[in-house]
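# Commentary on secondary and tertiary structure
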Amino acid sequence: KNMGPAEDQEEGVFTFWLTATADGAKIKKLRTQTEKEASKNANFPGFRKGQIPPWAQPQMTGFAVQEAIIKTCEESLEAYGLENLSGSAGEVTVNEDIKDLCKGYKSGDIAFTAKYNGKFDSAVHAVVESPAEVSPAEDVVVDVEVVEEAE
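The present account deals with the structure reproduced in this document.

Cut-off values and rules
Residues numbered from 1 in each chain as written. Predicted model: local features only at pLDDT ≥ 70, side-chain atom pairs only at ≥ 80, totals over all residues. Heavy atoms only, no water. Salt bridge = Lys/Arg side-chain N within 4 Å of Asp/Glu carboxyl O. Helix = DSSP H or I, 4+ residues; strand = E, 2+ residues; numbered from the N terminus. Buried < 20%, exposed > 50% of the residue type's maximum accessible area, 1.4 Å probe, protein only. Expected span 1.5 Å × (residues − 1). Contact = heavy atoms within 4.5 Å. Polar contact = N/O pair within 3.5 Å; in protein donor to acceptor, adjacent residues only side chain to side chain.

## Brief notes about the pattern of salt bridges
Tallied over the entire structure, the rule returns 2 salt bridges. Linking Glu 75 and Lys 26 is a salt bridge whose minimum nitrogen-to-oxygen distance equals 2.7 Å. Here Glu 75 is found in helix H2 (residues 57–79), whereas its partner Lys 26 is found in helix H1 (residues 24–41), with 49 residues between them in sequence. Classification of Glu 75 as partly exposed rests on a relative accessible area of 44%.

## Points about H2
Compared with an ideal rise of 1.5 Å per residue, which puts 23 residues at 33 Å, H2 spans 33 Å between its outermost C-alpha atoms and is within 8% of the ideal. If you check which residues of H2 are buried, you get Met 60, Thr 61, Gly 62, Ala 64, Val 65, Ala 68, Ile 69, Thr 72, Cys 73, Ser 76 and Leu 77. Along its buried surface, H2 packs onto strand S2 (13–22), H1, strand S3 (82–84), strand S4 (92–94), helix H3 (98–102) and strand S5 (110–120). Directly after H2, the chain includes Gly 81, whose backbone phi takes a positive value near 70°.

## Describing the environment of Leu 30
Turning to its location among the elements, Leu 30 is positioned in helix H1. Linking Leu 30 and Glu 67, residues 37 residues apart in sequence, is a C-alpha distance of 7.6 Å.

## Examining the side chain of Thr 72
Position of Thr 72 among the secondary structure elements: in helix H2. A polar atom in the side chain of Thr 72 sits 2.7 Å from the backbone oxygen of Ala 68. Contacts of Thr 72, omitting those with residues within four sequence positions, involve Ala 20, Thr 21, Ala 22, Lys 26 and Phe 112.

By themselves, these are just geometric observations and shouldn't be taken as functional.
In structure tokens form, the structure reads like this:
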């Protein structure tokens, strides 16, 4: 949903509100990837090298959920023909607390709402707004007669 021009931003920047669902398969993939990378460097006292202690597991789940939400927002920018803004101007604000979303999370999709600033991609919207030229081939009328086939 376009909420109008963003406050304290350059002209052409709008604030968008998004209600979406982060895909459970994407969260699982990111969680597995994070766990593999963390186990390479893990060296916790009282645990074998490469083993992640149980108290660190929720942090990895939180990171995977956060990354999945960010990727979902980036995909929505592309889907709606918006430009991603760099730096703090392109920051995504998730309305729900990530820790609350992760409490008791085992698997599945996670619904969330977010707010972010974006610009309409002029290259995409120029194509959409300008009427397409009609080619002469589209103006041709073709008469077709349907005949039943004998068995």
